[in-house]
Amino acid sequence: MCSSDLEEALALADRIVVMNHGVIDQVGSPTEIYRKPASPFVADFVGTMNFLKGAVSEAGMVAIGGRRFRVDGLNGMAPGTSALVCIRPEDVKTRNVEPGTENALEVEVRSLEFLGSFARARLAPSDGAELDLVADLSINLLRDLRIEPGIRLPVALPPDRLRAFPQ
């Protein structure tokens, strides 16, 4: 399915059925499918997604790239379970990230790709930890914070926007 077909389906449909090799993966409203995908396949099928490999360290927490993050969408996975944690690029928080903000980290902007009303930024933790992210940043944000490749800035991964799947 090409992206314009997907956009049309999301805009017009009341219910969407996502199938993977002839098997139904998820049925739901466009918002449910996009915000609460039932599987990594659905998450990737309906838009761009960051996939971060980690392991459940304790109830509600996942260790990724040497850091611990609170994840609301753990779906009862037990400590020690390998997890694939997902977050959409537009959900990476870039404004009002203060010391003490939950799931915050400092990143370096590695590259920016201009896509019209926003830019897709490739981010990596400033300390060199393995945790590559893609974030969609509005043109206003780029201007207001003077974001360009090489700059460091704090970002946060909101716990309610993180979804985890057993790996």
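Nothing here was measured: the structure is a model prediction, and the numbers come from that model.

**Student:** Requested: an account of the overall build of the chain, with residues and values cited.
**Tutor:** Helix and strand content of the chain: four helices and eleven strands. Relative to the compact-globule value of 15 Å for 167 residues, the chain shows a C-alpha radius of gyration of 17 Å, a close match. Viewed in the frame of its principal axes, the chain has a C-alpha envelope of about 45 × 40 × 25 Å. Every one of the 167 residues in the chain was classed for burial, and the buried ones make up 41%.

**Student:** Which residues make up the sheet that holds strand β6 (residues 82-87), and what values do they have?
**Tutor:** Strand order in the open sheet formed by five strands is β5-β4-β3-β6-β11, and the pairing between neighbours is antiparallel. Two strands in the sheet have a free side with no partner beyond their single neighbour: β5 (67-70) and β11 (163-166). On average, each strand axis in the sheet is inclined to that of its neighbour by 40 degrees, with strand direction left out of account. Strand direction decides the pairing type here: strand β3 (residues 50-58) and strand β4 (residues 61-64), joined by three bridges, are antiparallel. In the strand pairing of β4, E58 is matched with M61.

The rules behind the values
Within every chain, residues take consecutive numbers counted from 1 along the sequence as written. pLDDT decides what is reported in this predicted model: residues at 70 or higher carry local features, side-chain atom pairs at 80 or more are listed and counted, and totals for whole chains, interfaces and linings draw on all residues regardless. Side-chain numbers come from the whole structure's heavy atoms, not from hydrogens or water. Under the scheme used here, helices are H or I runs from DSSP no shorter than 4 residues and strands are E runs no shorter than 2 residues, and both carry numbers assigned from the N terminus. For this measure, only C-alpha atoms enter the radius of gyration; the expected value for a globule follows 2.2 Å times N^0.38, where N is the number of residues. A 1.4 Å probe rolled over the protein chains alone gives each residue an accessible area, and that area as a share of the maximum for its type sets the label: buried under 20%, exposed over 50%, partly exposed in between. Two strands are counted as paired when DSSP detects at least two bridges linking them. Helix axes are fitted only over the stretch in contact, all axes being lines through C-alpha atoms; the angle between N-to-C directions runs from 0 to 180 degrees.

Geometry only, nothing functional implied.
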